Structure formats: C-alpha cells, structure tokens
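Residue-level structure breakdown
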Amino acid sequence: MAAATRSTEGERKGWWHVEKLGVGIGWRPEIDLTVERLPGVDFVEVVAENLHVGHLPESVLLLRERGVPVLPHAVSLSLGGAEPVDAHRVAHLGALAEALDAPLVSDHVCFVRAGGLDSGHLMPLPRTRDALDVLVANVKAAQQDLPVPLALENVAALLDWPDGELTEGQFLAELVERTDCHLLVDVANLYANARNLGTDVARFLDEIPLERLAYVHVAGGEENRGVYHDTHAHAVLPEVLDVLAQLRARVDPPGVLLERDDDYPADAELAAELAAIRAVLG
Amino acid sequence: MATQWTPTSAGSAGSTPEPGLEEQGFLVGGPGRAAEVAVVSLVEASAARISRGGLVSAVGRPRAGTSPLGSAVLRRLPMSLGDVIIATASSAEAQSLRQYLVGSGLVTPPGRRQGMRTARRLLIAAAVATVVATIVLELPFWLALGAVPVGVVGAIVLGRAGRPLTARGRDVVKRLKPLAVSPNRIALVAYYGLLGKVERHHVWEVLGIGPAAATTLRRRSNRGGSNGGASCGGGCGSCSSSSCGGSGSDSGGSSCGGSSCGGGGCGGGGGD
C-alpha cells in the first residue's frame, strides 16, 4: 500500500502527506464480526499491544484481504517518559506495521512508565521545554526504527502539571516541527480537556499544524461528579461531534475513526455513530 | 440475585405450561444444552454477540425480560463460547431449572435415579451371585434358571425407571423434533445442540457462528457419568472446552481459565 505521498508543500518541508483514509472504526476482538459487517468502514485501527505478528486474528487478515487499511495504534511506547524508549516495543510496532502493510502507526503524547512502575494510564506531560526535549528525543529514536510514519495523539488529562510554558497546541506544533511526526487529533480528548481543564478548543485547533493531520479519533464518554471521563464505553456526545465540526471547518481530515472499547452497543448503534460522523464531515 | 426458575412459556391456568426453549434444551440435552439455548437466545435478541474467535460479550446494558439462565450468562461475559456454556450449566440458575422440571414431573428426581441405579446394581450382583453359588455349591439348578430372567427383567425395569426423564418428559421430547427446523433457530439448538447436525450441517454453521468459535465447544459424551445421562433426542449436546478463541485484550494475548467437562460433568437431561 502506498503509505503516503509527497505534496508540494510537504516536499518543500520534507514532509509526507497522508492519503485519504475515510471513516473507520477501532477493531476489537469482541466486535470483529460487527466491524466486518458494518457498511462503509473505510479503515480500521488495532491496538498494537493486543496483536501478535505471528498469529494475526482471522478477522484482521480478512479485512486486509478486502483492501481495508489496518492501522496499528500503540499505547505503551511512553514517548514522553524520562527513560529511553523500549526498543522491543518499537520493533513490535514496526513489525506489525509491515505485517499489516499499514500506511502509518501511532501512539500518544504521554508517558505510561516511570521508575520501573507502569501506571496503566496515558499520563499527560508537563508542557515545559525540558519535557518537550525529552519527548522529541524519544520520538526521533522511535522514528528511526519504524518503517512507516508515526502519528502522535493528544491525550485526555484530569490535571495540568504546574509551571507549563506552552499551550497544548503550541506543544504539539513544536513537536511536529522538530520531529516531522504526524498528528492524530482525538476530538473527544480535546473536548474532555476543554470540560475538565478549560482548554480552548478553537485556540488548540488554530495552533496545531493541521496540514500534518493523519486522522481523527472520535469517542464517547460520560460525566461523573462534575468530571468528564473519556470512557470509550458510552455514546458519542453531540458536543464531541461539535468539536469535530470545528476541526472540519478548518481542514478536511484524511480520516476519522470511531473508538469504542467497552459496553459495545448493537451494530445499528455503531452504524448510527459512524453515520453521524459522516454527516459532520459532509 | 434471583435464581428461582420462572417458566419461560405461558400455560393455561391450572395446567403445567408447555416447556420454554431453555426447558426444552434441558430436557433433550441437560443443563449444558439449556445454557446453549440461553446464549443463542441472547444473541438472537441482540443482547449478546459472538465474535469470530468465539468470545461472547454483552451488547449494551443488561435489559429486562432476560430469563434467569440468560442473566447467568450475561453475568459471566465476556467469556469464550465454550466456557460460558460450561459455567452457566453449573450455575444456580441451571439447578433451579432442574428443580422446576422435576417439580413439573418431566425430569426424574435425582434421588430416585440414584436409588434405581443402586437397586439395579444390587439386583444384577445378586443374580450373578446366585448363578455362581448354584454352580459352586451345587445348588438346585432351578435357582440359577430363575435368577437369570429375574435379574435381566429387573435390570431392564429398574433401568427404565432410572432414566433421566419421566414418561411425560420423554413425550415432550418426542414432540420437539418437528419443531426443530431451520427457521426456528433457537429450537434447533434446543433439540440438536450447537454441535448437532441438521441436513449435514452443524447447527453452529446454520446459525452463522464461525469455525473458530465452534472450536471452543466440545462434544459431550452420550453416556453420562454421575451427573450425566441425557435423553439426547437428536445427538447429544455440546459442552465446551477450555480453549479460548482468539480474543486477547492484553499485550500478552488472551488466556482463558481452564474448564473440565469430561465424563458427563456437564450433565445431561435430568442428571443430578
């Protein structure tokens, strides 16, 4: 599969432009048949850590046979951590990308491990220049060992570290500028941060380099005791689709993917959520 | 948690209602078959889904109107198809269903079955002992001549009396076969079991369940052990295996708890 093509602007900057992906859904073992049967699924995403290159799920192979792009999405590289990137995890992600003929891979702007402990969560980074330097170094190290472009996703946070020097948009923009990575914008995470931390959605979207957008995540969540939780186990809120609409007003995203990780609804409900996403994209 | 069995079919006042599908499954193939019916009923009602790899998971939130056995299934999800059938077959709800069917006069009480089996063994032993004694002690030959037919006839009578189903229960099973046809998907499961065959196709194939999911099922022995002994009207039902069909949600891949089902451990109709 042609992973990416150079655009005129991108060629000048040495950047690669992601081809159109369309509308997709996260492939999960529980809903493998549902994903196969849903109409109009243009691409899927798999959680890289859940797959083994040697024995890929039959459903994933079937989707590849149909020509559906399958994008590995990692959750454990811990690129924002102070420790060096785990070469084995990067190698696994790269091998998976090659096995699936994936156009790109992705992970998050976060850390998950420190001091030998694994948090089990995507922890936000302090938005300082020191933290950015660490992130940039780790991203560059990972990119060297990856056979395809890397996209990085904004996370949902329940706290902002003190003494931040950059807004989240500025932080991501500088990350892209220094590493040539792509962006995976999760509009549900952005909405969660707007609700919980007061992130300015419009400013975020204005500050990030949307020409480097690989694709977009959409997911559901719920409010609990005044805090919005990006659960991936509830329906997508209209407010999240509004954030997608704000993004769409600025750029035609190469792809938009619905994430659902628990309490899977009926096929018809997932189809309706995909239809709602398509309606926003126009 | 309500485990008291509630009949799944309506009946006229004052009469025993016609058995519902889970009850039918129990009569034909025991608690394992009833559990299969419960799982397939949930899938048919879009309350659960079976993945290509055999992982059964709930669809949305549990809803009202689910049978006790269906609730027992939902409580255990997500779980592989084979394992959820085994687990549900040994649930309190399955025991409650058995008690309900015993109370309805369709299933032989376990104590009575055990008593009949013991009496049969004693009778056969006595007949053999009589024959041996006749030969060894040179007793009158008519003793052996009488012991053999008494032993044979008695064993047959006691064996029939110790069957899992009562005469009424067997009559119900006989009436089920014409209803177990392809359009009636759950009735197919109740009568033949997921591993049973209809027109040279496995029932799981007819239902659209994938081969990988079917590998989590294991055929149960027709001859029950201490818990077994189904009437097995249309080929004995399936139990399950401990294998897990390609689920895996952790980096290390999936692992499913082992289970055991050999020797009729998953029971058959009317077993105890």
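Residues numbered from 1 in each chain as written. Chains lettered and ligands numbered in written order. Predicted model: local features only at pLDDT ≥ 70, side-chain atom pairs only at ≥ 80, totals over all residues. Heavy atoms only, no water.

1. Focus: the overall build of chain A
When helices and strands are tallied, chain A shows 10 helices and 14 strands. Viewed in the frame of its principal axes, chain A has a C-alpha envelope of about 50 × 45 × 40 Å. Looking at the 282 residues of chain A, the share that counts as buried comes to 54%. Within chain A, residue pairs in contact and separated by at least 24 positions form 78% of the contacts whose partners lie at least 6 positions apart. (Helix = DSSP H or I, 4+ residues; strand = E, 2+ residues; numbered from the N terminus. Buried < 20%, exposed > 50% of the residue type's maximum accessible area, 1.4 Å probe, protein only. Contact = heavy atoms within 4.5 Å.)

2. Overview of the overall build of chain B
In terms of regular secondary structure, chain B is built from 10 helices and five strands. In chain B, the share of contacts with a sequence separation of at least 24, taken over all contacts with a separation of at least 6, comes to 64%. As displayed, chain B has an accessible area near 12200 Å², and 59% of this comes from carbon and sulfur atoms. (Areas by Shrake-Rupley, 256 points an atom, 1.4 Å probe, with all protein chains shown as cover.)

3. Things to note about the interface of chain A and chain B
The partner chain B presents 21 residues to the 21 residues of chain A that form the contact. Summed over both partners, the interface of chain A with chain B buries about 1500 Å², with 44% contributed by carbon and sulfur atoms. Of all residues in chain A, P29, E30 and N50 of chain A bury the most surface against chain B, accounting for 32% of the area lost on that side. The interface formed by chain A and chain B contains three salt bridges. (Buried area = accessible area lost by both parts, 1.4 Å probe. Salt bridge = Lys/Arg side-chain N within 4 Å of Asp/Glu carboxyl O.)

4. Focus: helix α3 (residues 58-65) of chain A
Residue and element names in this part refer to chain A. Along α3, the residues that are buried comprise S59, V60, L63 and R64. What you see down the axis of α3 is that its buried residues fit within an arc of 140°, all on one side. Elements in contact with the buried residues of α3: α2 (32-37), β4 (43-47), β5 (70-73) and α4 (87-100). Taken from the residues just after α3, G67 is the one with a positive phi, measuring 90°. (Arc of directions from axis to C-beta.)

5. Description of the state of the cysteines
Simply put, the disulfide is a covalent bond whose two ends are the sulfur atoms of two cysteines. Residues and elements named next belong to chain A. Per the stated rule, a full pass over the model turns up zero disulfides over all chains. Looking at C110, it has no disulfide partner, and the nearest cysteine sulfur is the one in C181, 13 Å off. Assessed through its relative accessible area of 0%, C110 is described here as buried. We classify C181 as buried; its relative accessible area is 0%. (Disulfide = S-S within 2.5 Å.)

6. Side note on the packing of aromatic side chains
Taken as a whole and judged by the stated rule, the model has three aromatic pairs over all chains. Judged by centre distance (5.6 Å) and plane angle (85°), the ring pair of F43 of chain A and Y215 of chain A falls under edge-to-face. Of this pair, F43 of chain A sits in strand β4 while Y215 of chain A sits in strand β11 (residues 213-219); the two residues are 172 residues apart in sequence, bridging distant segments of the chain. Neither F43 of chain A nor Y215 of chain A differs from the other in exposure class; each is buried. Ring centres 4.9 Å apart and planes at 85° place the aromatic pair Y191 of chain B and Y192 of chain B in the edge-to-face group. (Phe/Tyr/Trp six-rings, centres within 6.5 Å; stacked < 30°, edge-to-face > 60°.)

7. Some remarks on the confidence of the model for chain A
For chain A, per-residue confidence averages 93 on the pLDDT scale, and 94% of positions sit at 70 or higher. Taken as a whole, residues 10-15 of chain A scores under 50 in pLDDT and shows 11 contacts with residues more than four places along the chain or in a different chain. (pLDDT = per-residue confidence, 0-100.)

8. Quick notes on the pattern of salt bridges
Residues and elements named next belong to chain A. Inspection of the entire model under this criterion finds 17 salt bridges over all chains. Here E174 makes a salt bridge to R178, at a shortest N to O gap of 3.8 Å. Remark: R178 and E174 occur in helix α6 (residues 168-179); sequence separation between them is four residues, near one turn of the helix. On the basis of relative accessible area, E174 is assigned to the partly exposed category, the value being 24%. Put simply, R248 and D252 hold a salt bridge, and the shortest N to O gap is 3.8 Å. Owing to a relative accessible area of 26%, R248 belongs among the partly exposed residues under this scheme. Several salt bridges converge on common partners, so that one network encompasses R129, D133, E174 and R178.

9. Details of the confidence of the model for chain B
All names here are of chain B. Per-residue pLDDT for chain B has a mean of 77; in total, 74% of the residues score no lower than 70. Counting interchain partners and residues more than four positions distant, the pLDDT-below-50 stretch residues 9-14 has eight contacts. Taken over the whole predicted complex, pTM reads 0.78, whereas the ipTM for its chain interfaces reads 0.79.

10. A word on the nonpolar core
Core analysis: the largest hydrophobic core is formed by 76 residues, its most contacted members being L175 and V218 of chain A. If sequence neighbours within four positions are ignored, L175 of chain A has contacts with V109, L132, L135, V136, V139, L152, D180 and C181 of chain A. Among the nonpolar cores identified, the runner-up in size contains 49 residues, and L27, L69, V198 and W204 of chain B belong to it. (Core = buried A, V, L, I, M, F, W, Y, C linked by side-chain atoms within 4.5 Å.)

11. Considerations on the environment of A35 of chain B
Residues and elements named next belong to chain B. Mapping A35 onto the fold places it in helix α1 (residues 21-44). Sequence spacing of A35 and I86 is 51 residues, and the spatial spacing of their C-alpha atoms is 7.8 Å. Sequence-distant contacts of A35, that is, excluding residues within four places in its chain, are made with L69, I85, T88 and A89.

12. Examining the side chain of T179 of chain A
Structurally, T179 of chain A can be placed in helix α6. Leaving out residues up to four positions away in the same chain, T179 of chain A has contacts with V136, V139, K140 and Q143 of chain A.

13. Thoughts on the packing of α1 of chain B against helix α4 (residues 92-103) of chain B
Residues and elements named next belong to chain B. Where α1 meets α4, the closest approach of the two axes is 11 Å, and the angle between their N-to-C directions is 140°. One finds that α1 runs oblique with respect to α4. Between α1 and α4 the crossing geometry is left-handed. Where α1 abuts α4, its residues E22, E23, F26, L27, P31 and A34 lie against A94, L97, R98, Y100 and L101. Among the residues forming the contact of α1 with α4, the class breakdown is eight nonpolar, no polar and three charged. (Axes fitted to C-alpha atoms, helices over the stretch in contact; angles between N-to-C directions. Parallel < 35°, antiparallel > 145°, perpendicular 65-115°, else oblique. Left-handed = near helix turned anticlockwise from the far one by under 90°. Nonpolar A, V, L, I, M, F, W, Y, C, P; charged D, E, K, R; others polar.)

14. Quick notes on unusual backbone geometry
The omega angle of the peptide bond from L77 of chain B to P78 of chain B is 0°, so this bond is cis rather than trans. Relative to the helices and strands, P78 of chain B resides in the loop between α2 (68-76) and β3 (79-80). For D163 of chain A, which is not glycine, the phi dihedral falls at a positive 65°. Within the secondary structure layout, D163 of chain A lies in the loop between β9 (150-153) and α6. Overall, D163 of chain A belongs to the exposed group, its relative accessible area being 67%. Even without being glycine, R200 of chain B reaches a positive phi, approximately 70°. Assignment of secondary structure puts R200 of chain B in the loop between β4 (197-198) and β5 (201-202).

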